[in-house]
Amino acid sequence: MMKKFLILLLLIIILVAVSWFRPAFCESLDNKNLQSYLLQKNNQTDTGYVTQNLYGIPPENAIPIDSSIDSLTSGHKEKITRLEPFGYSLFASPAELLPPSELAAATDYILGPGDNLIIYIWGRVETEYNLTIDRQGKLFIPKAGEIIAWGMSLEDFQTRVRQKLEGVYTDFKVSVSLGKIRSIRVYLTGEVKKPGAYTVSSLTTLFNALYLAGGPNQRGSMREIKLIRNNRVETSADLYQFLLKGDSRSDIRLSSGDAVFIPVSGPRVTIKGEIKRPAIYELKGSETIGELMELAGGPTAEAYLDRLMLVRISPDDERHVIDLNLNDAIGEVDDIELIDGDDLTIFSIYDMKRNVVAVAGMVKHPGQFERTDSTTLRSLLDQAELLPSDVYFDRANLFRRYADRRVEIIPIDLKEVIDGSMDYPLCDLDSLHIYSIDEVKRKEYVSIEGEVKKPGQYPLYDNMTVEDLIFMAGSLNKNANQINIELARTDSLGGVSAIKIDLTDPGMHHYRLCEDDRLFVRKIPEWSHQLTATIDGEVMYPGQYALLSKNETLYDLIQRAGGFTENAFPKGTIFTRNTISRDLERQKLPEIIAHTHPLREDSTGNIQRVELGVFHPNDVNRIIIDINQIMNSNGKQGNLVLQNEDYVYVPDIPTGVSVMGAVGANGTIKYVAGKNTKYYIERAGNFTNQADKKGTRLIKADGRVFSGGGTIGKRVELGDVLYVPIEIKKDRDWLKTISTTVSIIGGIATSVFIIDRL
C-alpha cells in the first residue's frame, strides 16, 4: 500500500513540474501572435503568405492568400518551409585552400615564369636537371643552351628539348615533368562573399576560385559568372549547367591577372509544393512554366496539374493570382512566360479543399474563410471588414465555380447587403471581389489653354469652377483677355458648344465645370511688350530704342538718334529684319529649295541630289533702301515702318573702291569721281586668264548688284565693290564631237537619198 502511495506521489510531482516549466506566454497568445510564433518556429521568413489551395478564386483576380490563424487551425494547415535560392549550397562547405595538383593534365599545362621543371635524360647518357623558368620565360639547359618555354605546353616543350639535345647526344630518351608550380594573381569582384585578390597556383580553375571566395552572395548570379581576361569577357559560366547536368566545360584554367566578376542576380522565381526540387530559381530570360518545372526536377507523383497557382506582382505593386492548367489531357496547357518575382505553387491531389470561400479587394483581411451552412455574404463581409474609404458600393462581383470548370459572375449591391435588405447564402469555392472607386470609375479631367502660366490638363474635382481651374494653372498672364474667355463643352451626344466667360462679371468666377471642358484664354488684341529697334554706327546716339508707336519709321529712328555724324556714309546704310528669314522658314522655303535640286546618277548607279543652292537666313534679311531719297524727302518717299528687332547700321566714309576676284591683285583702290568699272580693274592688274569677264559684278554700297556685259562701262561710286568671278571651263572631247557630227550628217544624207529614189 505504501509503495502505491509513493508511486502516486511521484506522478503528481512530475505533472506539477511539467506544468511549472511550460512556457507561460503560449497561454496568452492571441491569434495573430500565435501565427507569428508558429512562423518563427518554422523559420518562415520569406513571405507572409501560407501555401494553400485557392479553389473558388477566378483566374486573373487579385486575391492574396489569407495567413490568419483560422487557416492554420481549421483544417488548412500546410507544412511551412523556408525556400533558398537554388545552387548556393554548393559553396556551403569550407572553401579549399589550394586545388590539388592533379587538376590539370600534364600535357596541356601552359608553362610560364616561375615553373619548376625536372628533365630526365637516359640512354647512352644518364642525367637529370632541376630547372626553373626565369622572368624572361627562358630555361638554360647545360650543353644545349637557352630554350624559350613561356607560352608552350608541357608536351610541346618536351619535343623542343629533344630537338635541342639531338645536337649534343645520340641514342637517348628525354622526359620532362613538372616540379614546383608557379603562383598567379587573380581577382574576384562583384557579388561574391569574399571579394579581393587571391594568390593561387597556376593550376587553379574558375570553379576553384569561386570556392576560395565562398561563391556568390545572396544577391549574386549563379548563371552569368564572367571571366574577364585582358579587359574582355573570355567566357561566361552558368553554374546551373554544372549542378543539373554535370557540364563543366566553362571551368577553364585561370591566368595571372584574370578577374572573375559575379553580377547581380537576374530575375528570380519561386516554385514550391508538389515538385521534386522546390527552391528559388534564377532565370536567364524567356523561361516558361514548363522550363521552370524541368529545372526543379519535375512534379511529384502526387502533383495536381489541373490547377497550379501563380502569384504575380502587377505593375501597380499588387499581387495577382493566376490559375494555370498544365494537364494536356483536359485542354490546352497554360505554359506562359515567367517574370521576375513570380511564385508558383503546385498542389497535391489529396489537398483539394472545397468548404472554403474567398474574398479579395477593398477589405482589411483578404483571403480564404471556412464556409458553413450559415455562411452568407454579410457574414463574410463581417469577417473580412470593408476598408473605410475608396470602396465602390454599387457593385461587387461574386464568382461561383461549378464542377465542370464553369465560372458564373453574380453582381452584388454592397449597400443592400450592408443595410440588411438583401443577403446571399454562399456555396463552396465562391469568391467575392470588392473593387475600389478608381478601378471602376474613369478619371475626369478638364483643360485650360492660352494665356496662363501652366496650361494643360487638370483633374476635375467636385464643384470645380472656372476660377479654381485658372488658379491651378498659375493664374492669368499679363496679356490675358479677361472679357472674352471661351469655354468649349461637349455634350453626351458629342455636340460641342462654346460658352463666353467674362471674368469682370463676379458671377462668372464660380461657373461650374463639367468633364472634358476646355477653357481658352485669349490674348488682348494687338497687345505686346515694348518693341525695340537698334541703330548702330555713325549716328549721334547709337543704341537700342523702344518703338513709340506701330507707325514709327526708319526716318523717325534716325532723327531720334540725333542724325548722322560727320564721318557717316549714309549711302552705305544697312537695314536688316530678322523676321524675314523666320517667315520664309515658316513657308517651308528651305525644303522647297532642296526638292528643286536635280538628281544625278553616278557611275555606280547610285542616285544623288545635286545641291545647287542652299538657304542661308542671313542672306535674305537685308532690305535694300535708298537712304538719300528718305532723308531728302524728310521720310515721305522710300521710308519703311519699323518692326520689332529691326537693325540699322550706318558705316563711316569708305577709303575707296574694293576690287576682288580674278584680277591681278585684290585690294582697295582710291576713289576717283566719274571713273567706270574698267578703270578700277586696270588699276588692280587687269583680268587674269581665268577671269569670267562677262560675269563681272558691281556691288553698290546700298546693296544693289549689277552684272552682265554692260557692267564694264558702268560708273563706279565711293564704297562700291567690284567682283570678277573665275570662268568654269569645260573639257571637250573633239574626236567624239566630230564623230557624232559625221554620223548625223551621214544619216541625213542617207535619208535624202532614199526619199529622192521614191
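Refer to the preceding data block for the structure.
Residues numbered from 1 in each chain as written. Predicted model: local features only at pLDDT ≥ 70, side-chain atom pairs only at ≥ 80, totals over all residues. Heavy atoms only, no water.

**Things to note about the sheet that holds strand β32 (residues 646–650)**
Piece 1. Across the sheet, which stays open at both edges, the five strands sit in the order β27-β26-β32-β28-β31 with mixed pairing between neighbours. Where the open sheet ends on each side, the last strands, each with one partner, are β27 (543–546) and β31 (622–623).
Piece 2. Alignment of strand β28 (residues 574–576) against β31, held across two bridges, turns out to be antiparallel. Paired with Phe575 across the bridge in β31 is Ile623. (Pairing = 2+ DSSP bridges. Helix = DSSP H or I, 4+ residues; strand = E, 2+ residues; numbered from the N terminus.)

**Regarding the pattern of salt bridges**
Piece 1. One pass over the structure, following the stated rule, counts 29 salt bridges.
Piece 2. One salt bridge connects Glu224 with Lys284, and the closest N-O pair in it is separated by 3.5 Å. Of this pair, Glu224 sits in the loop between α5 (206–212) and β8 (225–229) while Lys284 is found in the loop between β12 (279–282) and α7 (289–295), placing the two residues 60 residues apart along the sequence.
Piece 3. Here Lys284 falls in the partly exposed class, since its relative accessible area comes to 45%.
Piece 4. Between Arg489 and Asp517 there is a salt bridge whose closest N-O contact spans 2.6 Å. Residue Arg489 is located in strand β23 (residues 485–490), and its partner Asp517 is located in the loop between β24 (496–501) and β25 (518–521); the two are separated by 28 residues in the primary sequence. Each member of the pair Arg489 and Asp517 is classed as buried.
Piece 5. What emerges from the salt-bridge pattern is a single network uniting Arg223, Glu224, Lys226, Asp238, Lys284 and Glu287. (Salt bridge = Lys/Arg side-chain N within 4 Å of Asp/Glu carboxyl O. Buried < 20%, exposed > 50% of the residue type's maximum accessible area, 1.4 Å probe, protein only.)

**Section: the environment of Gly341**
Piece 1. Inspection of the secondary structure assignment puts Gly341 in the loop between β14 (319–324) and β15 (343–348).
Piece 2. A C-alpha to C-alpha distance of 7.5 Å links Gly341 and Thr270, two positions 71 residues apart in sequence.
Piece 3. The residues contacting Gly341, other than those within four sequence positions of it, are Arg268 and Val311. (Contact = heavy atoms within 4.5 Å.)

**Examining the packing of aromatic side chains**
Piece 1. Throughout the structure, instances matching the rule amount to seven aromatic pairs.
Piece 2. The interplanar angle of 70° and the centroid separation of 6.2 Å between the aromatic rings of Tyr169 and Phe172 together place this pair among those described as edge-to-face. Phe172 matches Tyr169 in its accessibility class, with the two residues each being buried.
Piece 3. Ring geometry for Tyr240 versus Tyr281: centroids 6.3 Å apart, planes at 85°, classification edge-to-face. Of the two residues, Tyr240 sits in helix α6 (residues 239–245) while Tyr281 sits in strand β12, which places them 41 residues apart along the sequence. (Phe/Tyr/Trp six-rings, centres within 6.5 Å; stacked < 30°, edge-to-face > 60°.)

**Section: a nonpolar patch on the surface**
Piece 1. Taken together, the side chains of Met660, Ile699, Val705 and Tyr723 make up a nonpolar region of the molecular surface, amounting to roughly 320 Å² of accessible area.
Piece 2. Here Tyr723 shows up in strand β37 (residues 721–724). (Patch = residues over 30% accessible without salt bridge, like charges linked within 9 Å, V, L, I, M, F, W, Y side chains within 5 Å. Areas by Shrake-Rupley, 256 points an atom, 1.4 Å probe, with all protein chains shown as cover.)

**Some details on helix α4 (residues 154–165)**
Piece 1. The end-to-end C-alpha separation of α4 is 17 Å, in line with the 16 Å expected for twelve residues at 1.5 Å each.
Piece 2. Buried residues of α4: Leu154, Phe157, Val161 and Leu165, and no others. One side of α4 holds all its buried residues, which, seen down the axis, span an arc of 70°.
Piece 3. Residues of α4 that are buried in the fold lie against β1 (116–123), β3 (138–141), β4 (145–148) and β5 (172–178). (Expected span 1.5 Å × (residues − 1). Arc of directions from axis to C-beta.)

**Topic: the side chain of Thr573**
Piece 1. The residue Thr573 is located in the loop between α12 (554–560) and β28 in this model.
Piece 2. For Thr573, the side chain forms a polar contact with the main-chain oxygen of Pro570, separated by 2.6 Å.
Piece 3. Excluding its chain neighbours within four sequence positions, the residues that come into contact with Thr573 are Arg622, Ile625, Ile627, Val648, Tyr649, Val650 and Pro651. (Polar contact = N/O pair within 3.5 Å; in protein donor to acceptor, adjacent residues only side chain to side chain.)

**Points about the sheet that holds β37**
Sheet strands pair by backbone hydrogen bonding; their relative direction is either parallel or antiparallel.
Piece 1. Spatially, five strands are ordered β34-β33-β37-β35-β36 in an open sheet, and the strand pairing comes out mixed. Each edge of the open sheet carries a strand with a single partner, namely β34 (667–670) and β36 (705–707). Sheet twist, expressed as the average angle between the axes of neighbouring strands with direction ignored, equals 20°.
Piece 2. Where strand β35 (residues 697–699) and β36 come together, three bridges link them in antiparallel fashion. (Axes fitted to C-alpha atoms, helices over the stretch in contact; angles between N-to-C directions.)

Shape is all these values report; function is a separate question.
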